[in-house]
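# Architecture and fold: a report
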Amino acid sequence: HNMGSDEAYNFVFKVVLIGESGVGKSNLLSRFTKNEFNHDSRTTIGVEFSTRTVQLNGFYIKAQIWDTAGLERYRAITSAYYRGAVGALLVYDITKHLTYESVERWLKELYDHADPHIVVMLVGNKTDLESERSVPTEEAKDFAEKKGLLFLETSALQSTNVEAAFNKVLEEIHKKVNSKEVVRGSINAVTLNSSRAESQEEEKKPCCKNI
Amino acid sequence: RMATPSLLLYIDSNPAEQKDPGWKLFGKLPPREGPLKDPKKIQKEYETKSGKAGPGNPTSPRQGVRKNLDFEPLSTTALILEDRPANLPAKPAEEAQKHRQQYEEMVAQAKKRELKEAQKRKKQLEDRCKLEESIGTAAQIWNQEILPNWSTMCTSRRVRDLWWQGIPPSVRGKVWSLAVGNELNITHELYNICLARAKEKWRSTAVLTTDTEDVLDSSDRESSLELIKLDISRTFPQLCIFQQGGPYYDVLHSILGAYTCYRPDVGYVQGMSFIAAVLILNLDTADAFIAFANLLNKPCQMAFFRVDHSLMLTYFAAFEVFFEENLPKLFAHFKKNNLTPDIYLIDWIFTLYSKSLPLDLACRVWDVFCRDGEEFLFRTALGVLRLYQDVLTSMDFIHMAQFLTRLPDLIPPEQLFQHIAAVHMTSRNRKWAQVLVHPLRLFHSALQKDSLSLDFFFFNDIIY
């Protein structure tokens, strides 16, 4: 079994990281899944893929997180990237206003390809560079509110709010999956789909079937 | 974290002590003011001090530090201006003046260079936005107008034109599925049955190594499994999607394994992993399998994947007819050098260009291949030859072979498609299918044989 973890889990949630290159997506991922920060991280070529299982309200939730820069490079993988995703972290760099300005374009692409019920968090990264901030917290917060997105500011370097950001997104997805608002066959099916590749293994595990 | 400083200027902070400045290039000495400052601040301080802060440069450090300055060039070379050490005599005023002048020229140069860079980046961003917008518009047309009326619209002139321009990624899988069809009537259930059998086989292969019965068969299975594993690791390695630990490693494995159980007479053949991978990028697993099996069942793909030499040769012969018709000079050059089409076509046809062309471009070839059928694969080949005609004509055998088996990394998509469009697929009033009439007849007889073995397979399945 090569998905990285042998633990039992109740849900698999696919979460994608999107945003301009250089905003720190890969470091958010490595901080969350490995508690690592790479100071001279290279440009992500293709897809980086990590999982981590967290416990939320007594459920084990396996987050399957996709990170890529290849999205800009290969249009051919966009559909695979967004397919089955139930959560997204849309990341910008608080010191680079241009990365914030492109948030709307990323949102459009996200909604063009992903499930309409996808949980999205706007993430302003690099709060450790407060002195160079060019995107005021309030501005981003208002924008997020207007668009119905969750919002947090993080520092992958100082490990500030990284756990909180991912956990909040996972929690919201879990809420949606459990809620009656979501029609069966939309987000629920997506959740089932994303774990189907592992269904053989899952059958052996407890409580995998109660989605 | 910060971009490597490329021009760092340090000016003594105490003007009273200021002596003649000296230069230190790429100096590693820490600035005297304690913690390292970022180049932007230093430059700003310097500009403020030297009275250069124009009206656009606010004096308040907080106000608009970065906003709206996104494309303002910033000099960041590690260039440090320092006084001469105290134990040396001070520079003459004339020399100091000259140095100051030199400094200003260097800064101006650097600014110019960075402005150019910034403009280039801006242009790239604009291009990207434009592309995204056109993809969005096209996706809307496909979703709202074409797909709901597929059967009536798919052959219309307008749709065919849009199709040629490339299908937006969000609808590509749907369009491919519709165009490839499901002549074989494969259901999701059948896929699951085949997959279960494949898993059973893999499990028993793992156990069987100590068993004596069925030795030949098991080693066969093993080699097929080994081959799949080996190929998966080499399928788009740069994407990191299909390799061990990647998100679609299991899916690619499953589809290829299920296919070996669905068509044991064909089994796994190298090149299949690329086709399955491209389908996985655009379709859910079971739908990808359905498209995969149906696509491989097309006459041309069957001929190649069953490695039917005589059929392959007739395909090459037909290709050469159109080659000579379209590119007589290059054709003669190839002939003179004994460069036969198998040398480059095998790779292109087996993987449907997904290994030889950049992935995005390959997907566009697939788009039109789904529209026009096998003929388009050969038309694309002629388009590639046409695009590189001049380069190829100046090469000898070995260089041509090398060039064609490893095409340039950057192939301009629009240009290639213009060249493909310029290739005419008629020869003496005969179309592709007419030139291929003979092998097709051969194929039909082969197909009948196949359906027999398929029946046998399903019969086997029932008593299994």
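Residues numbered from 1 in each chain as written. Chains lettered and ligands numbered in written order. Predicted model: local features only at pLDDT ≥ 70, side-chain atom pairs only at ≥ 80, totals over all residues. Heavy atoms only, no water.

- In the nomenclature of an unreviewed UniProt entry, chain B corresponds to TBC1 domain family member 14 from the organism Poecilia latipinna.

- Looking at an unreviewed UniProt entry, one finds chain A named Ras-related protein Rab-25, with Poecilia latipinna as its source organism.
- Within the UniProt record for chain A, the comment given under Subunit (unreviewed entry) is "Interacts (GTP-bound form) with RAB11FIP1, RAB11FIP2, RAB11FIP3 and RAB11FIP4. Interacts (via the hypervariable C-terminal region) with ITGB1 (via the cytoplasmic region); the interaction is GTP-dependent. Interacts with ITGAV. Associates with the integrin alpha-V/beta-1 heterodimer. Interacts with VPS33B."
- Recorded in UniProt under Sequence similarities (unreviewed entry), the annotation for chain A is "Belongs to the small GTPase superfamily. Rab family." (UniProt positions renumbered as here; feature names shortened; annotations may be inferred.)

## Comments concerning the side chain of Asp231 of chain B
All names here are of chain B.
- For Asp231, the location among the structural elements is in helix α7 (residues 215-233).
- There is a polar contact of 2.9 Å between the side chain of Asp231 and the side chain of Gln270.
- In this structure, Asp231 is in contact with Tyr268, Gln270, Gly271 and Ser273, ignoring residues within four places of it in sequence. (Helix = DSSP H or I, 4+ residues; strand = E, 2+ residues; numbered from the N terminus. Polar contact = N/O pair within 3.5 Å; in protein donor to acceptor, adjacent residues only side chain to side chain. Contact = heavy atoms within 4.5 Å.)

## Describing the packing of helix α12 (residues 309-326) of chain B against helix α16 (residues 375-387) of chain B
All names here are of chain B.
- Between α12 and α16, the least distance of the axes is 10 Å, while the angle of their chain directions is 45°. Here α12 is positioned oblique relative to α16, judged by the angle of their axes. Judged by the sense of rotation from one axis to the other, the crossing of α12 with α16 is right-handed. Along the contact surface, α12 presents Tyr315, Phe319, Phe322, Phe323 and Asn326, while α16 presents Phe378, Ala381, Leu382 and Leu385.
- Among the residues forming the contact of α12 with α16, the class breakdown is eight nonpolar, one polar and no charged. (Axes fitted to C-alpha atoms, helices over the stretch in contact; angles between N-to-C directions. Parallel < 35°, antiparallel > 145°, perpendicular 65-115°, else oblique. Left-handed = near helix turned anticlockwise from the far one by under 90°. Nonpolar A, V, L, I, M, F, W, Y, C, P; charged D, E, K, R; others polar.)

## Side note on the pairing of strand β4 (residues 87-93) of chain A
Residue and element names in this part refer to chain A.
- Among the seven residues that make up β4, seven are buried, leaving the element largely enclosed by the rest of the structure.
- Pairing between strand β1 (residues 11-18) and β4: four bridges, direction parallel. Within β4, the residue paired with Ile18 across the bridge is Leu90. (Buried < 20%, exposed > 50% of the residue type's maximum accessible area, 1.4 Å probe, protein only. Pairing = 2+ DSSP bridges.)

## Examining the interface of chain B and chain A
- Across the boundary between the two partners, chain B contributes 38 residues, which contact 42 residues of chain A.
- Summing the contributions of chain B and of chain A, the shared interface buries around 3600 Å²; its carbon and sulfur component is 51%.
- With a closest N to O distance of 3.4 Å, Glu132 of chain B and Arg75 of chain A form a salt bridge.
- Seen at the junction of chain B and chain A, the total is 11 residue pairs in polar contact (both at pLDDT 80 or more). (Buried area = accessible area lost by both parts, 1.4 Å probe. Salt bridge = Lys/Arg side-chain N within 4 Å of Asp/Glu carboxyl O.)

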